[in-house]
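Architecture at a glance
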Amino acid sequence: MTTVGFVGSGAIGTTIARLAVGAGHQVVLSNSRGPETLADTAAELGPRASAATSGEAAAAGEIVVVTVPVKAFPNLPAAPLAGKTVIDTCNYGPERDGHIPDLESKSITSSELLLRYIPGAMLVKAFNNIFFKHLLALARPAGATDRSYLPIAGDSAPAKAAVTEFIESIGYGVVDAGRLADGWRQATGTPVWGTPYGPYSNEKGRPVGEDAIRAALATATR
């Protein structure tokens, strides 16, 4: 099993951690407020979970999940993320993150911006297109006829392979959505973002197969 570090432990990060622990992985949680604020969450997740500083979580993870507001990118622990497979779950929201000219002009994606702050990482975009309650509810074992799929984007083949293996272990199939620069196809407001898995009001979500995810990605416009 894999040790997964979490830089950020909000709703999506904690949900991924919960699924990971259920699949037998070790998780190391962190946030900007300090490990003591995550003691209860780690205790609830059980003996495979622990809390640490962001730098410690980044160093501990064989895979590291970065799940923070885009405005927090400059505060990430770059050194321990060098050479690591890093999952980027982040979505840009100007109402929260402020106006970032390069993202407003769509000259780069938020993942490409993230890479400027952690240039040594092998970055894979994933988990940013699904509501956290749907992510928890729609996990299914391998071979299930109603298994849902998630898109990923990245430039490193080994990193994408590692992330695919991890995602498959926690209950989902994977659609390769292309290079990191193609990650805009799964960003906020695109056809594959949220909608395929059902409305937020239906917390159980709606299973979505591979073909539907591919079709949604193909219809995205920038």
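Values in this document were obtained by computation on a predicted structure and should not be read as measured data.

1. Points about the side chain of N128
Among the secondary structure elements, N128 is positioned in the loop between β6 (122-125) and α8 (132-137). A polar contact of 3.0 Å, which involves the side chain of N128, links it to the side chain of Q186.

2. Brief notes about the pairing of strand β1 (residues 3-7)
Among the five residues that make up β1, five are buried, leaving the element largely enclosed by the rest of the structure. Residues T3, G5 and V7 point to one face of β1 and V4 and F6 to the other, with burial holding for every one of them. One ladder, built from three bridges, connects β1 with strand β2 (residues 26-29); its direction is parallel. For G5, the partnering residue across the bridge sits in β2 and is V28. Taking the sense of rotation as the criterion, the β-α-β connection linking β1, helix α1 (residues 11-22) and β2 turns out right-handed. Two strands pair when backbone bridges link them, and β1 and strand β4 (residues 63-66) are joined in this way by four bridges, in the parallel orientation.

3. Observations regarding the nonpolar core
Nonpolar side chains in soluble globular proteins tend to end up buried together. Counting 40 residues, the largest nonpolar core has V27, F127, L135, F166 and I167 as the members making the most contacts within it. Top element by residues in this core is α1. It accounts for six residues. Once residues within four sequence positions are removed from consideration, L135 is found in contact with I12, T15, I16, L19, F127, I130, L150 and Y172. A72, L103, L113 and L123 belong to the second-largest nonpolar core, a separate cluster that totals 22 residues.

4. So, the pairing of β6
Bridge count between strand β5 (residues 85-88) and β6: four bridges; the pairing is parallel. From the neighbouring strand, I87 faces β6, where its bridge partner is V124.

5. Here we look at the environment of G8
The topology assignment puts G8 in the loop between β1 and α1. Taking the relative accessible area as the measure of exposure, G8 reaches 8% and is therefore buried. C-alpha separation for the pair G8 and V68, spaced 60 residues apart in sequence, amounts to 5.3 Å. What G8 contacts, discounting residues up to four positions off in sequence, is G13, S30, N31, T67 and V68.

Analysis parameters
Residues numbered from 1 in each chain as written. Predicted model: local features only at pLDDT ≥ 70, side-chain atom pairs only at ≥ 80, totals over all residues. Heavy atoms only, no water. Helix = DSSP H or I, 4+ residues; strand = E, 2+ residues; numbered from the N terminus. Polar contact = N/O pair within 3.5 Å; in protein donor to acceptor, adjacent residues only side chain to side chain. Buried < 20%, exposed > 50% of the residue type's maximum accessible area, 1.4 Å probe, protein only. Pairing = 2+ DSSP bridges. Right-handed = clockwise from strand over helix to strand, strands pointing away. Core = buried A, V, L, I, M, F, W, Y, C linked by side-chain atoms within 4.5 Å. Contact = heavy atoms within 4.5 Å.

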